[in-house]
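# A structural walkthrough
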Amino acid sequence: MTVDETIRQVLADHGRLAVPVDTLADDADLFGAGMTSHASVNVMLALEDAFEFEFSEKMLKKSTFESIEAIRTGVLEMTGE
Amino acid sequence: MAVHQVIPVTRAGHVAARMAAIADEVAAPAAADVDESGRFPSETLAALKAEGLLAALVPVELGGGGASLDEVSAGLVALGRRCASSAMVVAMHHIQVACLVRHGRNDLLRDYLRELSHHQYLLASATTEVGTGGDVRSSICALEVVDGRFRVQKQAPVISYADDADAVLVTARRAADSPESDQVIVLCRPPGLELEQVGEWNALGFRGTCSTGFVLRATGDAEAVLDDPYGDISTRTMLPVAHLLWSSVWLGIATDAVDLARKFVQGEARRKPGTLPAAALRLAEVTVVHQQFVDMVQSSLSRYEAADSDADRLASIGFGVGMNALKVSASTLVVDIVRECMLICGLAAYRLDTPFSLGRHLRDSIGAALMVNNDRIMANNAQMLLVLRGE
Ligand SMILES: Cc1cc2nc3c(=O)[nH]c(=O)nc-3n(C[C@H](O)[C@H](O)[C@H](O)COP(=O)(O)OP(=O)(O)OC[C@H]3O[C@@H](n4cnc5c(N)ncnc54)[C@H](O)[C@@H]3O)c2cc1C
């Protein structure tokens, strides 16, 4: 799976979104789509498991998880790709 | 609504000093009746309004006092010592004001803050909803916005002092098709505000907060919706400010209990100079715990003020965990301290008709753990700790 596919899969499994993840654009607001802060914690844990890294302290904020685009930027920064 | 003569309250220390004076002169003599009759502490609120103190947290350029949260906290400790119901009303009002100051940036809301300062409006809050219980981060009711006007109806199981408030800040889903967690907060005020009372408030403690249930119906200009999503308002402002100001009220209750216990032990000592009264050691112990409480509130205020203008820091997990820990600790310590003081003063505290009576303190303090249930707060912290990194 590509990075984007993995991110979308994690969101489908753990984001508890009110709409199917396929209908969301890369820049769509995930919190607006129903992701709670609890769900975002699970998304984060699942991303760390899938990509085998740990988000740094400074990335642990709402904006890191606000859209697929933002998550991709965070993941690529942490995996150094 | 009368226009009050607003005295500028910009001098450092003024707000806390005036709140303390009103606590002694106005709130203390009325406290027993407020509690017994479960009535709104109108004389205390009138005295605070007459001195412009309901706008203490509004910036000076909008006509307010420009006071720091530290000062308001100190004032609430003083008020909490004399009448915890009054202090809780005032705390809840300032929490709403803090949200408006930081998150109400549009012209309508800025003008409202000017008006609030001028008329000394009192703000209430409707976050809790029938059906979601204490889970304030999800709403069932939704805003309906048509042609620049909003409409909302909320089944609110508790809105403290709604009958005496000039406006209510209400949480709701952003729109009919929004998920439960996509919330906004809207300022609802007459004439677009209608409150239909449901039931009575006959509770163990905080009886003067008059925290009755209502069906709330409101309409108004859509600009009355605060500019940030409720999730952000809650993390950055409402939750930390609420936990800080509630803790200040509870510290006031604990402080008065310790004062009474100390007076009691000193009385015993006077009767038998040369022998250490039986309860003196227990007093020394409770004084240690009380000092922890004082220092915890103070250091939490410093932590908040250090993070104040840094949105990322306020939204960080470590900060949130810390502010939740404050609420759980403070609400637990207040009960522990009052119970210890009850043991120190013995029957004199247990009886309802002595100067050392601690009945009201005990009843008020019990409510602290369930004003947003500590179990819920601990569950949130447990979740956040799954991802917290050490510094
Ligand atoms: C004096 C006072 C004044 C108040 N004023 C206002 C006001 O002005 N406006 C307002 O909106 N609200 C107000 N409230 C309400 C308050 O903020 C809480 O929302 C309310 O007390 C919670 O009610 P509850 O105990 O019925 O609900 P819950 O929080 O739902 O708790 C009920 C029970 O469920 C358990 N529980 C349920 N879900 C969970 C979970 N996920 N995790 C852990 N435990 C859970 C709790 O442990 C508890 O035993 C006031 C409360 C008090 C005491």
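Residues numbered from 1 in each chain as written. Chains lettered and ligands numbered in written order. Predicted model: local features only at pLDDT ≥ 70, side-chain atom pairs only at ≥ 80, totals over all residues. Heavy atoms only, no water.

### Looking at the overall build of chain B
Across its full length, chain B carries 12 helices and 7 strands. Projected onto the principal axes, the alpha-carbon positions of chain B cover approximately 80 × 50 × 45 Å. Taking all contacts inside chain B whose residues are at least 6 apart in sequence as the whole, residues at least 24 apart take part in 77%. Split by element, the accessible area of chain B, about 16100 Å² in all, is 54% carbon and sulfur. Seen as two clouds, the 35 positive and the 46 negative side-chain charges of chain B have centres 5 Å apart. (Helix = DSSP H or I, 4+ residues; strand = E, 2+ residues; numbered from the N terminus. Contact = heavy atoms within 4.5 Å. Areas by Shrake-Rupley, 256 points an atom, 1.4 Å probe, with all protein chains shown as cover. Lys, Arg positive; Asp, Glu negative; His and termini not counted. Charge placed at Lys NZ, Arg CZ, Asp CG, Glu CD.)

### With respect to the confidence of the model for chain B
In the predicted model, chain B carries a mean pLDDT of 95, and 97% of its residues have values of at least 70. Taken together, the chains of this predicted complex give a pTM of 0.93 and an interface ipTM of 0.76. (pLDDT = per-residue confidence, 0-100.)

### So, the pattern of salt bridges
Charged atoms that come close allow side chains of opposite charge to pair. Residues and elements named next belong to chain B. Taken as a whole and assessed by the stated rule, the structure comprises 25 salt bridges over all chains. Two residues, glutamate 43 and arginine 39, come together in a salt bridge whose shortest N-O distance is 2.9 Å. Residue glutamate 194 is joined to arginine 217 by a salt bridge in which the shortest nitrogen-to-oxygen separation is 3.0 Å. With glutamate 194 in strand β6 (residues 193–198) and arginine 217 in strand β7 (residues 211–221), the pair connects residues that are 23 residues apart, well separated along the chain. When its relative accessible area of 44% is taken as the criterion, glutamate 194 is described as partly exposed. (Salt bridge = Lys/Arg side-chain N within 4 Å of Asp/Glu carboxyl O. Buried < 20%, exposed > 50% of the residue type's maximum accessible area, 1.4 Å probe, protein only.)

### Regarding the confidence of the model for chain A
Do not read the predicted coordinates in detail wherever pLDDT is low. Mean pLDDT over chain A: 91, with 99% of residues reaching 70 or higher. Of all helices and strands in chain A, the one with the weakest mean pLDDT is helix α2 (residues 37–51) of chain A (92), whereas helix α1 (residues 3–14) of chain A scores best (95).

### Thoughts on the interface of chain A and chain B
If you look at the interface, chain A gives 20 residues, while chain B gives 15 residues. Across the chain A/chain B interface, buried area totals approximately 1400 Å², and carbon plus sulfur atoms make up 52% of it. The tally of links between chain A and chain B comes to 3 salt bridges. Here B:Asp232 and A:Lys62 are joined by a salt bridge, their closest N and O atoms 2.7 Å apart. For the interface between chain A and chain B, the tally reads 6 residue pairs in polar contact (both at pLDDT 80 or more). (Buried area = accessible area lost by both parts, 1.4 Å probe. Polar contact = N/O pair within 3.5 Å; in protein donor to acceptor, adjacent residues only side chain to side chain.)

### Points about the sheet that holds strand β4 (residues 167–173) of chain B
All names here are of chain B. The 3 strands are arranged β1-β4-β5 in an open sheet whose pairing can be described as mixed. Here the strands that pair on one side only, and so sit at the sheet edges, are β1 (123–126) and β5 (183–188). Neighbouring strand axes in the sheet, compared pairwise and without regard to direction, differ in orientation by 25° on average. Looking at chain direction, β1 and β4 are connected through 4 bridges and run parallel. Bridge assignment links alanine 126 to a residue of β4, and that residue is valine 170. (Pairing = 2+ DSSP bridges. Axes fitted to C-alpha atoms, helices over the stretch in contact; angles between N-to-C directions.)

### Looking at the pairing of β5(B)
Residue and element names in this part refer to chain B. Burial runs high along β5: 6 of the 6 residues are buried. Residues Gln183, Ile185 and Leu187 point to one face of β5 and Val184, Val186 and Cys188 to the other, with burial holding for every one of them. Here 6 bridges tie β4 to β5, and the two strands are oriented antiparallel to one another. Its bridge partner being in β5, alanine 172 is matched across the sheet by valine 184.

### Brief notes about the nonpolar core
Core analysis: the largest hydrophobic core is formed by 123 residues, its most contacted members being B:Leu48, B:Val152, B:Ile159, B:Trp250, B:Phe293 and B:Val334. Sort the elements by how many residues they give to this core and helix α6 (residues 230–271) of chain B lands first, with 19 residues. Formed by 30 residues, the second largest nonpolar core is a distinct cluster that contains A:Val10, A:Ala28, A:Leu47 and A:Val75. (Core = buried A, V, L, I, M, F, W, Y, C linked by side-chain atoms within 4.5 Å.)

### Let's talk about a negative patch on the surface
Among the surface-exposed residues, B:Asp107, B:Asp221, B:Glu223 and B:Asp227 lie close enough to one another that they form a single negatively charged patch. Counting through the fold element by element, B:Asp227 comes out in the loop between β7 and α6. (Patch = residues over 30% accessible without salt bridge, like charges linked within 9 Å, V, L, I, M, F, W, Y side chains within 5 Å.)

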